[in-house]
Amino acid sequence: MNRGEMIGSGLVGRSLAGVDDFSNAELSYVLAGAEEMAEHRERYASACRGKIMASLFFEPSTRTRLSFETAMLRLGGQLVSAVDVGATSLAKGETLADMARVVGGYADLIVMRHPWEGAARVVADYAGVPVINAGDGGHEHPTQTLCDLYTLTKDRGCLEGIRIALWGDLKYGRTVHSLTWALARFGATIVFRPGAGLAAPDHVLSKLATDYGGELVRGEQLVRSDGEGVLPVDAIYVTPRSPHQLAMLPHMSAQLELDRGVDALYVTRLQKERMRVDVGESQPTDYPVVDRQLLRTKGFEHSVVLHPLPRVDELALEMDSDPRSLYFKQAHQGVPVRMALMALLLGCVPSEFPLEKALPDDWRPVEHIDYAHDTGVRCPNERCVVNQPSEARYLSPRFRLIQGSPPRLRCVYCDHEVCAGAIATAEAYDESTSRRKYHSPTSRWSSFIRPENLLVFARAGDAEARGFRPSAQAQVSE
Ligand code: NCD
């Protein structure tokens, strides 16, 4: 078996709930397949004959749903669909797990969009057939990322070394969350330009800083050093592969990158349906707009413009006739991209895809160990699937341990993190209660305790409730 065949066969039966479910070589293989499907659609017209895709869209959608459905029809497969929670048994209180088991018995593949973060991961765990996340609340949208990577690769030839500005609602825009992580994996430098109050969430940036090896510079007043083309930037991620990556001087390397301008702008609309009016969030009045004038300023003259669409006011209509605008192409490319993905997951690719370029190394993000202890930690994200009353009946919080000082627990479903407020070793459970000690999360104990034994408590009080007492040096803040 050659490399392409091996990667292709490794994808059969898998699910795509988040971009990090696939290695770089696997993502690239899907993109190679998309290229092939776009050029030779007729060769694949009956590749999925006899297969049924369940299309479950519990949030509004035009492009994503229609491009998935078109893709399956173009592959010769068929569809069953549900587009409204109110019209399904979920409205009667059925759990996602039960729905997954039932629909997984009807269809060969499930494509689902759902407002709860992590919903696709749960369905993938129970369905018994491949599940594709078509958007889970404000969390991830991995197939939009495949379309974005495909569009950028076709335009530039490769992703390595690209400088891209993510623009607009970086807080609730799920497309930018998946795209951020994927771009970092392929060697991009990322400039974050959010609307006021819409910065990328901590868990997105924290994963960026921990998992992909580059340098993240945050919260500085980063502007171009020549004062021209002033771009108020909230954070910059500089790829470890940048010639400017100066390990000891991250601010300087960020400044150098900023001064070089950007190759692409990724514009997003304000996700007003996800804003929390109950906690006082309101729509910013100065949402950043991309128009011809901006694209005339220094650093943007050669930037191509992408947008996952739909657009509202953030992208001027005058941009439609500009040759740098790629967003409609990007939307059309959703069909071959999704054809390739579904055919691969269903094992319906008759032979391997021709590969114009060598596939990248089989790079995968850092793997963090599963956290196997119950220390009372809960996912802090109230929109996470694990915190929904119907799902909490059978799902328990699940985390990965992110080692460091302090250690953190990352929710397996929605990627939100809990920072340790106190730590201890599980070996202490073998000791008498009088000898059970907990420590400060930033003390040297965080590196002394073996990762599989590390107990993480959100607060010192949680450790005390389990019979632990502060160690002599514990400088634990409640
Ligand atoms: C995006 C989405 O649904 O997250 N649209 C899409 O899938 N193309 C972006 C958006 O709704 O703003």
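Everything numeric here is computed off the predicted structure, so don't read it as measured data.

Asker: Describe the overall build of the protein chain, listing the residues and the values that go with them.
Answerer: Secondary structure summary: the protein chain contains 15 helices and 18 strands in total. Taking 478 residues into account, the globule formula puts the C-alpha radius of gyration at 23 Å, and the protein chain, at 23 Å, falls close to it. The principal-axis extent of the C-alpha atoms belonging to the protein chain is close to 75 × 60 × 50 Å. Here the protein chain, with 478 residues, has 56% of them falling under the buried criterion. Partitioning the contacts of the protein chain with sequence separation of at least 6, the portion at a separation of at least 24 is 71%. Within the structure as shown, the protein chain displays about 20,100 Å² of accessible surface, and the carbon and sulfur contribution to it stands at 50%. For the protein chain, the distance from the average site of its 53 positive side-chain charges to the average site of its 61 negative ones is 2 Å.

Asker: Which residues make up the site of the ligand, and what values go with them?
Answerer: Lining the immediate environment of the ligand, one finds Arg-63, Thr-64, Arg-113, His-141, Gln-144, Arg-174, Thr-175, Arg-269, Gln-271, Pro-308, Leu-309 and Pro-310. A distance of 2.9 Å separates a nitrogen atom of the ligand from a polar backbone atom of Pro-308. Counting only elements with at least two residues in the shell around the ligand, the list comes to helix H3 (63-74) and helix H7 (174-185). Taken together, the residues that form the shell around the ligand break down as 3 nonpolar, 5 polar and 4 charged. Inspection of the shell around the ligand shows a minimum of three residues originating in each of domain 1 (3-138 + 332-345) and domain 2 (143-330).

Asker: How would you explain the packing of aromatic side chains if you had to name every residue and give the values?
Answerer: Scanning the model with the defined rule gives 8 aromatic pairs in all. Relative to Phe-300, the ring of Trp-167 has its centre 6.2 Å away and its plane inclined at 90 degrees; by these criteria the two rings are edge-to-face. Note that Trp-167 is positioned in strand E5 (residues 163-168) and Phe-300 in the loop between helix H10 (292-296) and strand E10 (304-306), a separation of 133 residues in sequence. For Phe-300, a relative accessible area of 4% translates into the label buried. Every member of this aromatic cluster is reached through a ring pair, and the members are Tyr-29, Tyr-44 and Phe-353. Across from the ring centre of Trp-181, 3.9 Å away, lies the NZ or CZ of Lys-207, which sits over that ring.

Asker: Quick rundown of the pattern of salt bridges? Include the residues and the values.
Answerer: Two side chains bearing opposite charge may form a pair once their charged atoms approach each other closely. Enumeration according to the criterion identifies 29 salt bridges in this entry. Residue Lys-207 pairs with Asp-20 through a salt bridge whose shortest N-O separation is 3.2 Å. Separated by 187 residues along the polypeptide, Lys-207 in helix H8 (residues 202-211) and Asp-20 in the loop between helix H1 (3-11) and helix H2 (24-39) bring together distant segments of the chain. Connected through shared salt-bridge partners, Asp-20, Arg-185, Lys-207 and Asp-415 make up one network.

Asker: Describe the sheet that holds strand E4 (residues 131-136), with residues and values.
Answerer: Strands sit in the order E2-E1-E3-E4 across an open sheet of 4 strands; the sheet is parallel. Looking at strand neighbours, the two that pair on one side only are strand E2 (78-82) and E4, the edges of this open sheet. For this sheet the average axis-to-axis angle between neighbouring strands, irrespective of direction, equals 15 degrees. Sheet analysis places strand E1 (residues 52-57) next to strand E3 (residues 109-114), joined by 5 bridges and oriented parallel.

What counts, and where the lines are drawn
Residues numbered from 1 in each chain as written. Predicted model: local features only at pLDDT ≥ 70, side-chain atom pairs only at ≥ 80, totals over all residues. Heavy atoms only, no water. Helix = DSSP H or I, 4+ residues; strand = E, 2+ residues; numbered from the N terminus. Rg over C-alpha atoms; globule rule 2.2 N^0.38 Å. Buried < 20%, exposed > 50% of the residue type's maximum accessible area, 1.4 Å probe, protein only. Contact = heavy atoms within 4.5 Å. Areas by Shrake-Rupley, 256 points an atom, 1.4 Å probe, with all protein chains shown as cover. Lys, Arg positive; Asp, Glu negative; His and termini not counted. Charge placed at Lys NZ, Arg CZ, Asp CG, Glu CD. Near = heavy atom within 4 Å. Polar contact = N/O pair within 3.5 Å; in protein donor to acceptor, adjacent residues only side chain to side chain. Nonpolar A, V, L, I, M, F, W, Y, C, P; charged D, E, K, R; others polar. Domains from an automatic or database assignment. Phe/Tyr/Trp six-rings, centres within 6.5 Å; stacked < 30°, edge-to-face > 60°. Lys NZ or Arg CZ within 6 Å of the ring centre and 35° of its normal. Salt bridge = Lys/Arg side-chain N within 4 Å of Asp/Glu carboxyl O. Pairing = 2+ DSSP bridges. Axes fitted to C-alpha atoms, helices over the stretch in contact; angles between N-to-C directions.

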